[in-house]
Every structure is written in C-alpha cells, then in structure tokens.
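Breakdown of the fold
Single-letter residue listing:
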Amino acid sequence: MTKPSDDPQLEQRVAALEQHAGATDAAIADLDARVLALENAVTTPTPPTPEPPDGTWGGIAPPLVDNTLPEPEPPEPEPEPEGEGLAVVIRAASGETVYEEAGSENLGDYVDPDGAFVQHCYRAPRQDDALPGLTVWFRPDADGSRQEVVVELGVPLVASLTPANLGAYEAEIWDGDELVATVQVPSHPWYARWRWQSAPRPVRVSRETLIASGKVPHYDGTVLGQFIADLAPQTYTTMGFSGMVTGMGWTGDRPDIGILTGWSAQWLCKGNNTETVIAQGEASGTISMHLRDPVTGAPLDLVNDYPKITSYPNGGDPIVPMTKGIVTYDSGHSPACSYLPWLLTGDVYYLEALQFQANIEIIGEPASGRYTWAGRYGAWPLRNKLYAAVASPTDPPRWLLAQSVFHAHMEGVRSEMLKDMANEDPILSVFRARQFGGSQGTPAHPSGTYAVFWQCAMESLVYGLCVQLGFDEWSEPLVWKIDSEVQRTNGEAWPRATPVPYNTGLVYTCNLTAAITATDTFIPVDHYAGGPWPVEPFSVKCQNEVMTVVDKGDGALWQVQRTAPVAHAAGQALVGPTYLSWLECAMRTVAMHPDEVPFAPDDPTGMAELYNETSGSVGYAQYARAALAVAVRCGVAEAASSYAWIDDEFTKHNRSSWHPAWGWCIT
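Quick look at the structure, then. (Residues numbered from 1 in each chain as written. Predicted model: local features only at pLDDT ≥ 70, side-chain atom pairs only at ≥ 80, totals over all residues. Heavy atoms only, no water.)

**Topic: unusual backbone geometry**
With an omega dihedral of 0°, the bond running from Asp317 to Pro318 counts as a cis peptide bond. Inspection of the secondary structure assignment puts Pro318 in the loop between helix H4 (274-283) and helix H5 (339-345). For the bond from Glu536 to Pro537, the omega torsion is 0°, close enough to zero to count as cis. Relative to the helices and strands, Pro537 resides in the loop between strand S16 (522-524) and strand S17 (538-542). Of note in this structure, Tyr191 is not a glycine but carries a positive phi near 70°. (Helix = DSSP H or I, 4+ residues; strand = E, 2+ residues; numbered from the N terminus.)

**Notes on the packing of aromatic side chains**
Following the criterion strictly, the structure yields 22 aromatic pairs and no others. Consider the rings of Trp494 and Trp582, whose centres lie 5.9 Å apart with planes at 85°: the pair is edge-to-face. With Trp494 in the loop between helix H11 (475-487) and strand S14 (504-505) and Trp582 in helix H12 (residues 582-592), this pair connects stretches of sequence that are 88 residues apart. Three or more aromatic residues joined by ring pairs make a cluster, and in this case those are Trp454, Tyr502, Tyr620, Tyr623 and Trp664. If you follow Arg201 out to its NZ or CZ, it ends over the ring of Phe117, 3.5 Å from the centre. (Phe/Tyr/Trp six-rings, centres within 6.5 Å; stacked < 30°, edge-to-face > 60°. Lys NZ or Arg CZ within 6 Å of the ring centre and 35° of its normal.)

**Quick word on the sheet that holds strand S18 (residues 545-551)**
The six strands are arranged S15-S20-S17-S18-S19-S16 in an open sheet whose pairing can be described as antiparallel. Looking at strand neighbours, the two that pair on one side only are strand S15 (507-511) and S16, the edges of this open sheet. Each adjacent strand pair in this sheet contributes to an overall mean axis angle of 40°, direction not counted. In this structure, S16 lies alongside strand S19 (residues 557-562), joined through three bridges in antiparallel fashion. The residue bridging Pro524 from the neighbouring strand is Leu557, located in S19. (Pairing = 2+ DSSP bridges. Axes fitted to C-alpha atoms, helices over the stretch in contact; angles between N-to-C directions.)

**Brief notes about the nonpolar core**
Membership of the largest hydrophobic core comes to 95 residues, with the highest contact counts inside it found for Leu210, Tyr219, Ile259, Leu268, Tyr339, Tyr387 and Trp474. Here Tyr387 is in contact with Ile259, Leu260, Ala336, Tyr339, Leu354, Leu465 and Leu469, once residues within four sequence places are set aside. Core analysis: the second largest hydrophobic core is formed by 49 residues, Leu134, Val185, Val320 and Ile362 among them. (Core = buried A, V, L, I, M, F, W, Y, C linked by side-chain atoms within 4.5 Å. Buried < 20%, exposed > 50% of the residue type's maximum accessible area, 1.4 Å probe, protein only. Contact = heavy atoms within 4.5 Å.)

**Some details on the packing of helix H6 (residues 348-363) against helix H7 (residues 376-391)**
Contact geometry of H6 with H7 gives a least axis separation of 8 Å together with a crossing angle of 145°. The handedness of the crossing between H6 and H7 comes out as left-handed. Across from Leu351, Leu354, Gln355, Gln357, Ala358, Glu361 and Ile362 in H6, the residues of H7 making contact are Trp380, Pro381, Arg383, Asn384, Lys385, Tyr387, Ala388 and Ala391. Its residues assigned to classes, the contact of H6 with H7 comprises nine nonpolar, three polar and three charged. (Left-handed = near helix turned anticlockwise from the far one by under 90°. Nonpolar A, V, L, I, M, F, W, Y, C, P; charged D, E, K, R; others polar.)

**Looking at the pattern of salt bridges**
All told, the structure shown has 31 salt bridges when counted by the stated rule. The partner of Glu170 in a salt bridge is Arg91, and the shortest N-O contact between them spans 3.8 Å. Taken together, the positions of Glu170 in strand S9 (residues 169-175) and Arg91 in strand S1 (residues 86-92) put the pair 79 residues apart, joining distant regions of the chain. Look at Arg91 and you get partly exposed, because its relative accessible area is 33%. Ionic pairing is found between Asp230 and Lys270, a salt bridge with its closest N-O pair at 2.8 Å. Within this pair, whereas Asp230 is found in the loop between helix H2 (207-213) and helix H3 (262-270), its partner Lys270 is found in helix H3, the two being separated by 40 residues in sequence. Asp230 sits in the partly exposed class, given a relative accessible area of 38%. When salt bridges with common partners are traced through the structure, they connect Arg139, Glu152, Arg193, Arg292 and Glu352 into a single cluster. (Salt bridge = Lys/Arg side-chain N within 4 Å of Asp/Glu carboxyl O.)

**Some words on the side chain of Asn273**
You can see Asn273 is positioned in the loop between H3 and H4. Under the relative-accessibility criterion, Asn273 is labelled buried at 7%. At 3.4 Å, the side chain of Asn273 forms a polar contact with the backbone nitrogen of Trp267. The contacts of Asn273, once residues within four sequence positions are left out, are Trp263, Gln266 and Trp267. (Polar contact = N/O pair within 3.5 Å; in protein donor to acceptor, adjacent residues only side chain to side chain.)

**What to know about the pairing of strand S10 (residues 178-185)**
Looking down a regular strand, the side chains alternate between one sheet face and the other. Direction of pairing for S9 relative to S10: antiparallel, over a ladder of seven bridges. The partner of Trp174 across the bridge, within S10, is Leu179.

**Focus: the pairing of strand S2 (residues 95-100)**
With six bridges connecting them, S1 and S2 associate as antiparallel partners. Counterpart to Arg91 in the pairing with S2 is Glu96. Between the antiparallel neighbours S1 and S2 lie two residues.

**Some details on the side chain of Arg414**
In this structure, Arg414 sits in helix H8 (residues 403-421). A polar contact of 3.0 Å, which involves the side chain of Arg414, links it to the side chain of Glu411. The contacts of Arg414, once residues within four sequence positions are left out, are Glu473, Trp474 and Pro477.

**Remarks on the packing of helix H13 (residues 618-633) against helix H14 (residues 640-653)**
Contact geometry of H13 with H14 gives a least axis separation of 9 Å together with a crossing angle of 135°. Comparing the axis directions of H13 and H14 gives the class oblique. Note that H13 runs across H14; the crossing there is left-handed. In this structure, H13 uses Val618, Ala621, Gln622, Arg625, Leu628, Ala629 and Val632 to contact H14, whose residues at the interface are Ala640, Ser642, Tyr643, Ile646, Asp647 and Phe650. Of the residues belonging to the contact of H13 with H14, the class tally is nine nonpolar, two polar and two charged. (Parallel < 35°, antiparallel > 145°, perpendicular 65-115°, else oblique.)

**Examining the state of the cysteines**
Evaluation of the coordinates by the stated rule reveals zero disulfides. A disulfide-free cysteine, Cys510 has its sulfur positioned 9.3 Å from the sulfur of Cys542, the nearest such atom. Look at Cys510 and you get buried, because its relative accessible area is 0%. A residue is classified by how much of its surface remains accessible, and Cys542, at 0% relative accessible area, is buried. (Disulfide = S-S within 2.5 Å.)

Below, the structure is given as structure tokens:
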C-alpha cells in the first residue's frame, strides 16, 4: 500500500475534529459530576434543625409547618341515571306501559319558516301487545327550550290493528328522573290525539298585521260589530271540544261554521279572546281524523300513494275502517279551528291538524267522487284544502306532507269546477247553481228542482279566498261563480229586497191534488199551477212519465196528452221546463212564493231596500255580503256596485236585533 500524499486541507480538517472531540469529552465529564451531586443530595438526610433551649426563638414560638400531603378524599359516587330524555308512562286498565325518547326513531326536524325554532320529531316504537295502535311522539325543540309529547291512537293500513277506542287512563310525563306532568285522559277515540307541552308557543303576530298581510279575510267589526255580543270564552281539557259542536251535522247558523270560527273572527275584530282561539286549536286533536302512513309517519298522501283509499263502503281501495268517536264529523259543517292558531304561533301541531282535516274529508268520499261536491259540502272542504296548502312547507320532513299535495287536491276541485263552467245547462250557465237539486223537498220546492243560493255564496266566498291567498288560477272560477250573488243584488232582474231565499226554484213545478189513473187525461193540480207558466203545449214529468200539457185554462184541472200512462198518487210533483233567465225566475218566485220573497207593491224603492222585518232575515244575506266583499278585494269589478249596495243596507239597518255574526263581519 503506498503512502498517501500530503494534503494540507485534509490535515486542517482532522485537527479541527480532534479539537472538537476534546471539548465534547470535557462537557461529558462536567455532566457526570453534576449528576453525581444531585444523587448525593437526594440520598443524604437533611440535618435536624436545632431546638432553642427554651423552645422559642427570641420569645416567639416558631410557626408550625406540616409538610405532609393530605390523603385525597374519595370522590362521591355518581348517582345511577334512571333514564335520559323524555318518557311517558301510561297506566290503563290493561296495566302500565312505558314509552321512551331514548331509542325512538328520528323522523327529522321541522324548521320554522320564520326562524323562531327548530323542532325534532322522534317516534317511539308501538307496543301493540299492551296498547294496540297507540303511538307516542317526542318533539323537543333543538335548543332545549321547549318539550312536547304527542299521544295518538290509531294506525291505518296495519292488518293486525282493529279500530277500537281506549277508555280512561293516566299518563305521566317524565324528563329523566323528574316527573313533570300527570295527565288524566277521560277516554281516547281511535284516530284522535292529545299533547303535553312544557310551554305553549307564543303568539307572535298582531291582528292588524295579520289582516294587512291578506292571510285572512279583511275582518272589521268597527261598524257591524257594535251590537254583537262576545262569544262565551272557551277552555281546553284533554279530549274536550272547546265550545264547538261535537255532532257537526246539526243544522242552523252556528259560530263554529264559516270561513273561520266565530271565535277566530271575534279575535280578528277585537283581539280579546286569544285563549279561546288557542284552545280550539288544541281541540282539533279530539276529532278522529289523524290517519298517518305507518311507514313515513306523515298524514296519508292521497295523491301519490293512496289515490283510491276511502272509508266509504265499497267506494275505493283500500277501505279504511273507522269507528265512532267523541266528534261526529260532517264536512259541510266542519269548523276551521286550526288555521288561525297556526298563523298566530307557527306551531306545527296546528299545521298537522290542517293536513289531517283536509284528508279526512277526502277519505270520507268515494274515490271516484272526491272533488264533485258543491254548496257547503264543497265550500268548507275546499277551505280546508286551501289552508293546508298555505301552511304546508314545500320541502317538509318525512312526517309532514308537502304543499304540492294539497295544491293537487285544490286542482282536483277546480277541474270539476271548469266542467261546470263549460256546461250550457241554464242551471249552470245562467244561475251558476252548482248546488242544485235539493233532497229535502216540499210541495213548494220538490226535490231536484231548487237551488240553495246561501250555500252557493259560501262557495263564492272560498273561491275568493283562494285568489286572495295567492292561487290566481281561481280568478276565473270566482268571476263565474260570484255572478249569482251579483245578479241577485244588482237590482236589475231579481228583487234584491230578498237576495238570498232559503230555497229558490229554478224549474216550473206544481203537484197533484188527487190520485190519477192511467186513463185520466185531466189532472187535478194545486195552486202552484197558477201564475206564470210557458205557453201550451209544454212537457211536464211526473215520476218517470212525461206528459204534454195542452190546456191549462182551468188553473185547477189541466188537460194532458199521455203516451205511456201509469197511475200516480196524490201529492206527486209535476216538473216542467227550466227557467232560462233571472227575470223568468224572479217573476215565478214573486208570484208563487210570497212567503219567501215578499212583494211589497207600496215599497217606494221598488223592492230595492233590504227587507229586515225579522232577526232571521239577516242570516242568509250576510253570506252573500261576505262573498261580495272578498270578490271586490280580489279585483272583481262586476261585484263592486252590488257590494256597495248590500254593505250600505247592512250598515243602515244594523241594530241590536239585526246584525251579522262575528264570522261574517268581512269588508
């Protein structure tokens, strides 16, 4: 191996490394010495402090220093939790059943459109072996500020469940290990519900703001309300109905019938009965109408999922059996008890009620005739579909239906309406009488021959509210329908002194005063055969036989020609041609029904003043006035003069014995 050549740079680098290594050895030695000193300090005992001869230091006792660390106290045991979240304990005749929020199914949140709250929704598992069909819903607000529990009985479309009402029971509401409420339930009908809430949602809008928004009719009791007594205040108790009629089919003008209830209308006029309005919203739960889809948890979707479902026997598929509850529902007399509470508070419980109520009326009809009803049986169900459409979100959680569902139902009604508008029958084309026929016939108005125009006014009112609430497609039906009210109040053909008779015949009729055989060619008729009739010959129908009247010169004995004669009993109606104009209808009505449309030949106004001899005469006229008021606000120019006249008449005659009800103080 050869010796490497000398390299000055390499030698300098090596020298530097050796110097650095020496410094490192010195540092390590220093560290070793310091470690040894620390070890000696730890192991060497501290010498005792010498005691003074007299136990004191300068006559002062030294301070006592205790360097002994105290033993740590054992922590107190945490109490065993008895439960988390809400729970409901139901004590019924069958025993005790517990429903818990923990472990319940999360169905998603409802977000208040005004941003006031977000509400969770949890569905506890049913326990059909203990309480068949009873469901408990836990609905706390997301921020923890409010708790809610909803208890419903009845689930449709579950083969193992048979509708059966539940008797009295006690429900305890627990929040963790704290008992927060005990509710006594006197009975629980199938498809009814009740709720407990830690606090009611606050009223967040004034009546002035609400009326100005157009979300309700323009109520104003300043003039017409000055003689109206306040309705009796109402409260809510579990499974009560807060002053509304439980047998809804009862006839007569009642404060729970109308575009809103009378109590709601009074609040909009005076604002003095908020508690009653809210109580009636709670009372909606007593109606057996809460049919939920057992899968989604939402009210049944009768458009997309169950287009033929019905409770009407043999009227569709599937058939949903019902059972009698506390409230006997009738769609022609149903109250709008949830809409104003929803507007006031935004409470989703009332929104649900609007959806359930719109549904129950559809389910109660045959699937083939869902949207064909008219009169009050068309007006109030459309009102409920409208309110549900207004309140429902466009993109709801799974336990609610979307606005589009109820808009579709409204369109179903409108499609039937458009068919009637295209019909050339004078009953529709002239008189706009969708509610025609009548089943409670009398000799004056045999069944199938008369219209009930006060019910038609209810339809006109709801059509107008559809337009007011933003559904512009109802403008044309409103203009078409309100023409009936216009023609009876404009003073041109109809004697507007009595603009809304109880029944109005639209067909010539009279009655047999004695039985006739199949061979008779002269038939005895009552006094309704007098007055204006078409010129002979004209046809009349008696039961299924068509006769031709060839001579009516003797007002009590007509001569007829018969082609297929049969015998007829006394009292059978003879039904002639339909009236072709309002003038023809008015002439016949004034001549033959003076008790219904009194003719006052000495009236200097020419029957242009609203007759008001009795307190009852205001009843039906108030419906027409309200319908005209809404039409005018919706821009129907043809209604303006008629409304101005009838409103002036109401103002002029308003007094303690003659005034509208709260529900009809619409301007």
